[in-house]
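Next come the chains, spelled out residue by residue.
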Amino acid sequence: MSIKPVSVHVVVVHRGYAEAILEGAKRVEARLLKHRRAPYGCVRGGERLYFKVSGGAVVASARGDSVRVYDDLTPKDVVALEREFDADVCGGSLFWAAKRHARYAVLIDFVEVRSVFFGPDTSVLGPGARRSAWRVLPASADVYPACLRRPKEAAGKLRPTG
């Protein structure tokens, strides 16, 4: 029995991570947090993830697969997470060092990665939420699979890039 998704997520990432996602090298999104905030307690397997480049556009969509949540982490626990997951997170030593004192972690395996032309409308969120690196929207905001095609109003204006 499949669980119906209740949310879609706009995940803000650096350009290098977006490229690694589209190339298939990055298969797990890791959020290590000092406080319980999104995506902690907000994401479930089966929900749609949209990857947005920081300061740029939504470039990819995927379906969340398994979600792992860790509480009461110590620096030693973060080192253990790095050893186990870095190959799929593509974080690198600087990422993990910066997260060494995180108390919580959410790791989301994702599948069915696709390049997209647009993502969900986040204008319904307040200004603070629009600046967040993880945005949670109701499932009704999902634009998949329409986002796989160019919007009709932009089709004549877009040019292929080489």
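Remember, predicted model here, so these are calculated numbers, not experimental data. (Residues numbered from 1 in each chain as written. Predicted model: local features only at pLDDT ≥ 70, side-chain atom pairs only at ≥ 80, totals over all residues. Heavy atoms only, no water.)

## Quick word on the overall build of the protein
Here is step 1: Looking only at helices and strands, the protein has five helices and six strands in total.
Here is step 2: Walking the protein from its N terminus toward its C terminus, one meets helices and strands in the order β-α-β-β-β-α-α-β-α-β-α.
Here is step 3: Computed over the C-alpha atoms, the radius of gyration of the protein is 16 Å, within 12% of the 15 Å expected from 2.2 N^0.38 for a compact globule of 162 residues.
Here is step 4: Each of the 162 residues in the protein was classed as buried or not, and the buried ones make up 36%.
Here is step 5: Taking as baseline every contact in the protein between residues at least 6 positions apart, the subset at least 24 positions apart corresponds to 76%.
Here is step 6: Summed over its atoms, the accessible surface of the protein is roughly 9300 Å², and 53% of this surface lies on carbon and sulfur atoms. (Helix = DSSP H or I, 4+ residues; strand = E, 2+ residues; numbered from the N terminus. Rg over C-alpha atoms; globule rule 2.2 N^0.38 Å. Buried < 20%, exposed > 50% of the residue type's maximum accessible area, 1.4 Å probe, protein only. Contact = heavy atoms within 4.5 Å. Areas by Shrake-Rupley, 256 points an atom, 1.4 Å probe, with all protein chains shown as cover.)

## Overview of the nonpolar core
Here is step 1: Grouped together as the largest cluster of nonpolar side chains are 17 residues, with contacts concentrated most on Val11, Val43, Leu49, Phe51, Ile108, Phe110 and Trp134.
Here is step 2: When residues in this core are grouped by element, the largest group, four residues, is from strand β5 (residues 104–115).
Here is step 3: Residue contacts for Ile108: discarding those within four places in its chain leaves Arg27, Val28, Glu29, Val43, Leu49, Gly64, Ser66, Val67 and Trp134.
Here is step 4: By size, the runner-up hydrophobic cluster in this structure holds 13 residues, among which are Leu73, Leu81, Phe95 and Leu107. (Core = buried A, V, L, I, M, F, W, Y, C linked by side-chain atoms within 4.5 Å.)

## Some points on helix α1 (residues 15–23)
Here is step 1: All of the buried residues along α1 are Ala18, Ala20 and Ile21. An end-on view of α1 places all buried positions within 160° of arc, on one side of the element. The exposed residues of α1 that point more than 90 degrees off its buried face are Arg15 and Glu23.
Here is step 2: In this fold, the buried residues of α1 make contact with β1 (7–13), β3 (48–53), β4 (58–70) and β5.
Here is step 3: Of the residues flanking the end of α1, it is Gly24, one or two places downstream, whose phi is positive at about 85°. (Arc of directions from axis to C-beta.)

## A look at the pairing of β5
Here is step 1: Looking at chain direction, strand β2 (residues 28–33) and β5 are connected through six bridges and run antiparallel. Bridge pairing in β5 links Leu32 to Ala105.
Here is step 2: Summarising the sheet, β4 and β5 pair through eight bridges and their orientation is antiparallel. Its bridge partner lying in β5, Val67 is registered against Ile108. (Pairing = 2+ DSSP bridges.)

## Points about the sheet that holds β3
Here is step 1: Across the sheet, which stays open at both edges, the six strands sit in the order β2-β5-β4-β3-β1-β6 with mixed pairing between neighbours. Looking along the sheet, the strands with just one partner apiece sit at the ends: β2 and β6 (134–138). Between one strand axis and the next, the sheet turns by 35° as a mean value, whatever way the strands run.
Here is step 2: Sitting on the sheet, α1 touches β1, β3, β4 and β5, and the angle it makes with β5 is about 55°.
Here is step 3: Lying over the sheet, helix α2 (residues 75–89) contacts β2, β4 and β5, oriented at roughly 150° with respect to β2. (Axes fitted to C-alpha atoms, helices over the stretch in contact; angles between N-to-C directions.)

Keep in mind that these numbers describe shape and distance, not what the molecule does.
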